[in-house]
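Coordinates in review
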Amino acid sequence: MKTSRRHFLRGTGVALGLPWLESFCAFGAESVKHNTAPRRLAVCFTGNGVNPHHWGAETTPGGMVFKKSLSPLEGLKKHVNVFTGLWNPTTVEGEGGHYPKMNVLCGLKVKKTTTDVEVGTTMDQLIAAHTGRFTPVPSVVLGTERPSYSTDSGFTSIYSAYISWSTPTTPAPKEIFPQQAFDQLFDDGSRRKRDKSILDLVREDANSLKPKLSSRDKQKLDEYLTSVREIEQRVELAERISQAETNGQGWQPSVKTVTLGRPAAGIPASSEDHLRLMFDIMLLAFQMDRTRVATFMMNNDLSNMRFPSLDGISGGIHELSHHAGDEHRLSMYQRVNEHQVKLWAEFLAKMQATNEGERTLLENSMILLTSSLMDGNAHDSRQLPVVLAGGGGGTIQGGRFHDLSKDPNRKLCRLHLALMDRMGVRVDHFGDAENALAI
Amino acid sequence: MFRFQIAYFIIIATALGGFRAEAAPDWKVVEPMLAARCYECHNADKTKGDVDLQRFAGDPDVPANFEIWTTVKDTIDNGDMPPRKAKQLTSEEKAAITGWVQHSLDLLAEAKSGDPGPVTMRRLTNAEYDNTIRDLTGRDYALAKEFQSDGGGGEGFTNTGDVLFMSPAAIDKYFAAARKLADHATVMPGTGIVFHPQRIGLRGPEQVKAQAQQGLYVWYQQKAAPHLPKDFDPMREGDYMLACWKHQHQNVPLDRLAKDMKLSVHFLNNWWNLVNSTEPPSRFLDLVRVNWRELPADEKAAHDRIRAIEADLLSWNNPKKPGSGPQRWQQDSDGIRPYPMQGSVSGKSHIHLCFGDIGDGNKGDIALVTHIEVSVGKQKLNYLSWLEKTLAEKRKQAAVNPPPPSLDALKARIAELEKVRALCGKHPQPGRTIEPQVLAFAAPQVFKLPLPEGAHWLKVDTRLDMQNPEVDEASIQWTMTTDKPRDVTKIIPGVLTIWKRSTKKSGETMNDFNKMKAAFPDMFERRLEEVASNLYRGGKPGITVYYFSDDQLGQLLGAHDRKQLEAMKNDWYFVATPNPKPQHLKQIDDSILSHLREFAKRAWRRPITDEETKKLDALYFVSRQKELDRESAAREVLVRVLVSPNFLFKAETLPPIADAKTPELPLNAHELASRLSYFLWASTPDWELRKAADDGSLLKREVLAAQTNRMLRDPKAAALAKEFAGQWLKFNGFDAHNSVDEKKFPQFTPELRADMHREVVEFFTHLVRDDRSVSDIIGGDYTFLNERLAKHYGIPGVTGGEFREVKGIAPHRRGGLLGMGAILTKTSRPHRTSPVVRGDYLYQVVLGIASPPPPPNVPELKETSKPSSLREALLQHRTDSACAVCHERIDPLGFALESFDPIGRFRATDETGGKIDDTGEMPGGARFTGFAGLRDYLKKNEPQFVTQLTRKLLGYALGRQTLPSDKKLLQQMQASLKASNGKFSAAVLEIVRSRQFLNRRTEATVATNP
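What counts, and where the lines are drawn
- Residues numbered from 1 in each chain as written.
- Chains lettered and ligands numbered in written order.
- Predicted model: local features only at pLDDT ≥ 70, side-chain atom pairs only at ≥ 80, totals over all residues.
- Heavy atoms only, no water.
- Salt bridge = Lys/Arg side-chain N within 4 Å of Asp/Glu carboxyl O.
- Helix = DSSP H or I, 4+ residues; strand = E, 2+ residues; numbered from the N terminus.
- Buried < 20%, exposed > 50% of the residue type's maximum accessible area, 1.4 Å probe, protein only.
- Pairing = 2+ DSSP bridges.
- 1 Å grid on protein atoms, 1.4 Å probe; cavity = no way out; pocket = protein on both sides within 12 Å on 5 of 7 lines; lining within 4 Å.
- Points joined across faces, edges and corners; volume = space filled by probe spheres on them.
- Nonpolar A, V, L, I, M, F, W, Y, C, P; charged D, E, K, R; others polar.
- pLDDT = per-residue confidence, 0-100.
- Contact = heavy atoms within 4.5 Å.

Thoughts on the pattern of salt bridges
Pairing between side chains becomes possible if they bear opposite charge and their charged atoms approach one another. Inspection of every chain in the model, using the stated rule, returns 80 salt bridges over all chains. In this structure, B:Arg640 and A:Asp205 form a salt bridge, with 2.7 Å as the shortest nitrogen-oxygen distance. Residue B:Arg640 is found in helix H22 (residues 630–642), and its partner A:Asp205 is found in helix H6 (residues 196–209); the two belong to separate chains. Pair check on accessibility: B:Arg640 and A:Asp205 agree, each one buried. Across the salt bridge formed by B:Arg675 and B:Glu652, the nearest N and O atoms sit 2.9 Å from each other. Here B:Arg675 is found in helix H24 (residues 669–680), whereas its partner B:Glu652 is found in the loop between strand E13 (649–650) and strand E14 (664–666), with 23 residues between them in sequence.

Describing the pairing of strand E10 (residues 386–389) of chain A
Residues and elements named next belong to chain A. The alternating pattern of E10 places Val386 and Leu388 and Val387 and Ala389 on opposite faces, both of which are buried. One ladder, built from 4 bridges, connects strand E4 (residues 80–84) with E10; its direction is antiparallel. Bridged to Val80 within E10 is Ala389. In this sheet, E10 lies alongside strand E9 (residues 365–370) in antiparallel orientation, the contact comprising 4 bridges. Pairing of Leu368 across the sheet is with Leu388, part of E10.

Details of empty space enclosed by the protein
All names here are of chain B. In total, this model carries 15 cavities of 30 Å³ or more according to the counting rule given. For the largest cavity, the calculated volume is near 210 Å³. Examining the composition of the lining of the largest cavity, we find that 3 residues originate from one element, helix H6 (residues 168–183), more than from any other. When grouped by side-chain class, the residues that make up the lining of the largest cavity number 11 nonpolar, 5 polar and 4 charged.

Details of the confidence of the model for chain B
All names here are of chain B. In the predicted model, chain B carries a mean pLDDT of 89, and 94% of its residues have values of at least 70. Between residues 1–22, whose pLDDT stays under 50, and residues either more than four places distant or in other chains, the model counts 40 contacts. Low pLDDT, under 50, characterises residues 1004–1010; the predicted model gives this stretch 15 contacts beyond four residues in sequence or across chains. The complex model carries a pTM of 0.79, and its ipTM stands at 0.85.

Set out below in structure tokens:
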């Protein structure tokens, strides 16, 4: 099968990508512990856009002033950067109000298909491939909602359920169950150790199956093989990390034991509880340095998440985003926007309250809040809502508003490059961008 | 090639909307355009992007170069080519080129008709995983609910290989699930791998033994219970003894006797064995068997005698309360307690106090009567006081002069009273003293006790003489009779034997007694236990009569249970053998391994190779070496089988050396079996289907059809309702639907929601399993309801929680999909109805007509909760031509359903009291009103609906998007449906017999075809 031009482009974005799997042995000698607190990255996503009338900030002589939707961030202002004008140019081509825009973290075109999905390896996963060498879990991808089945628009609705892709054709598995996310992050690794001999055997199964498959099926099987290999490597890594921790080598996390109870099975009935619990899991994962990269879809795109904990809000979030200018519905939508920002701010505040020595956890981190649309009502993605919190380990000055709407090169991938660079992934281009945004 | 499918999608959409055939542009027209704009960069010398278009100037040869032409079309379509800096194509040129490519591809597709198409290897979907585990283990563990959710691909189904992903997290979860399953399993040499509802976990050898024992014990009881007489059932002891007598004296065979006399042949055989047995020795049992053996040859006499034996036998039990007669008390017999004799003595002048020595010698057999109470009229008298008083009176009467006429009688009376008095305080053993009011009786003896006149109740407090130096030898019975005295030199049937506890003598007697107890248990539970005790008998039958030996049980049970019994006994034999020899242990390992291989074969849905067998065995032995016990080692193998790609993927393999010239290959029988069972059941092949695959017969057309028909009727075919219909028609997951505003609609309870889901699942399950007409989906005048849902719909006469089919419900505006609560609710907003969503659902989902997404910059639409103003707003909306194109088709369909509220209840008025307008008018003038009108309208459009159904069904069956080359098959499905009056199976049979279903593409085609 010949590779298309687009495929080639995607490939280059991944040049550095996923290499940690292959190059695992290469860092065998490298210490898993550094002497300073590590940087963390989280991307928080909300589907369906925001109310553009009250989103963002402006610069005044007295400094940055938040618009109404960001008011919950007031107390954290000096840790926050607000961007306006950033976009993914590919999203404004072609048809479809939602699916083609689900490339927030890679900027590459969303392939219109109902079967062989393809977007691009996303920046969080490229970073995880790098930082994952130092933590028990490479990255955690959280969400609150399942994908749906529809393919009627010519796109599979799978696209609306994933912003994080571990390869151009495989979405990173998203965990929506708090208990499962908790287990995945805070398991001591003993379970996997026990599975080791079986992993060897099932890999052999896959290897003996492989020659009997068509090339298309081989690719599918490779997903399996790669996964098995990764788990095996994780087992080894977990041992080395725990050894380093036992020996007190290098920087040690400020939180050493699991301070959160194991969540109940299933999904919390209230969306507010669900969101808060997922934020708490992310927080603890960062505090304990179980992972350094987190991606959280607070809701899917095209989500009909409801907010029964807010009085007087009727309707799901997608429906509300198509407020059609109706004042009552806009006011409900606005409240939902503020509610989401408030939950995000609570998470940030807890990070800020976590002292990691020289700096707080928030100051060591970069936490992005974004969506695939700005104005959901009009399916407008000519610019995207982008808020960045955290100091990136002393590399980012907060309290600033960046108006890039007049900048000829206002690609969101430039911001991704800037973040990747700070997380230790140094590439000269990513997605559709060729240089990093100065922030 | 994938874009090709999308193009097809659009063609279908256009076709449904009224396709206008346009003359396809000629190559001669198109070639100069390419020459002008493309050849400059794409020629033999300069092949940008490795593409040379100039070489096609003479002949485009689309069949061989289909991929390149698809790319040409795509790059022009999406504006990638010509490059931005170069001179652009005019829109006419663009249309001509892409139109020509499309037309050529269409022709190619027709030529490729029947192509199996690209089917990417499919992982088990979450639903398939759960169903497969259910069918492998026999239990529904629902483990996949916490797996990463599957999304839809292809025709909108989760079973599309491309969108079934694998990740480290997924493998972790498969491991966790497999470990959990393994922990629920017992793995034993006999019974093999058995999955239990509760976690079993690590078991020590004693626990294994105890559980094997317990399992068998319970099993025996469960299996024997239906065939054993219950409490209060007539046991017909006399009839059985009579039958044995007839066998003995009249030579009638037992089985004939059983038949003639309507007795159980098994019980009769048991009786026959018992009455003729001398083993085990038991004098209590001899009461029956020796007496039977001494029956006279005369039938009448024998008959009477038998009734007496029967009466004696029954006297051990309490007829009113099984398990509470002397038989039960005997084990608690204890000399330190008093055992009163008491009873009615009305009209009697004397009673007999009988003291028996049970015929085993009378050492220690002395009873002490400590108190006698006699009721006369309303008075309760102390017998001895009465005796003294009466003696004094009688003596006085006898002493009068002249003597009274009744002097003789008086004297006799005085004599017998004095005889009693003389006993007071006297002990038969020399030197023993007892209280003066106590009477001592040495067995065997019968003492005739005179009673006061008018006495009607007597209570004689009696206890064993525990001071007796010989009391350790005691075994004494006492009882009183008002008529004939009992034979005190033998065992008195039905009477407790009193002894000193924990003596050798009492032990021997109890043992003797227990034999009778075992032969004639006095209650149902104890009869069950006797069968269960076969476990300890090492194959020898017990002596119980109402009982089954293993052989007898085997005759009663089917082959399956017989095998199970053998397997369980095997387990017991293996684990209960003390100090097993190496040979014995090897036997255990061999058995366990063979169970594991069988499990792997079933889990992997194909025979396993020798190499694979070796590897499975090896893991077991390696785990054993790691000091895991046998069961834990076997569980490692189970886990390994269940996380293998051979289990998780439904692989369809190619022969080692694929013939590059063969574009497609038939599936082998096992691959076909899997395709079939995952299509119809969303689960693994069952035993019958596996058999047809093992012997290859499944590849025969008629066997395939027969299997298909069988499987469609199986309860597991409900998967087609849940998965196929559920995903297509979007009710999958409705049981967790949480998009209803619960404040506004408190009636929408989880129970009602479950009922609504159940209704639609039942409807489609019946459609599939009863092979009903697919036109019922729109037009059926029936649905499935329970009381709660019927009330919600306002349909009277349905009572109780059970779901049943309810017909003739058109007057209630129900019947078929359109009236179902789940559908009406699913297509509503949380707090109001949405004619747009409902209309769009009918238009796109049900009828399959693609409506493009709303154009950007949608004009503002005020949707409100008030249906009338909403309708107005929507009508207003349509004045914009960009919107009208779709909305004038979608909205009317939704308007017609406006008389159903957001939770599917019928309504005539809206919240503000305004009358509901449920009329709709389609472009072209078709008008309809309400549920009935819409249904009639849709019925007229049935071909469109059937087209959609066949496309969805084929997409689901194959796990891929339908292709242009499927056109013919879809038409055949539609024709078969029409010819069979819409029978669902007609469409299914067309699919399973199709080239697409029976074959797979080879490597060769993958490289060169769409």
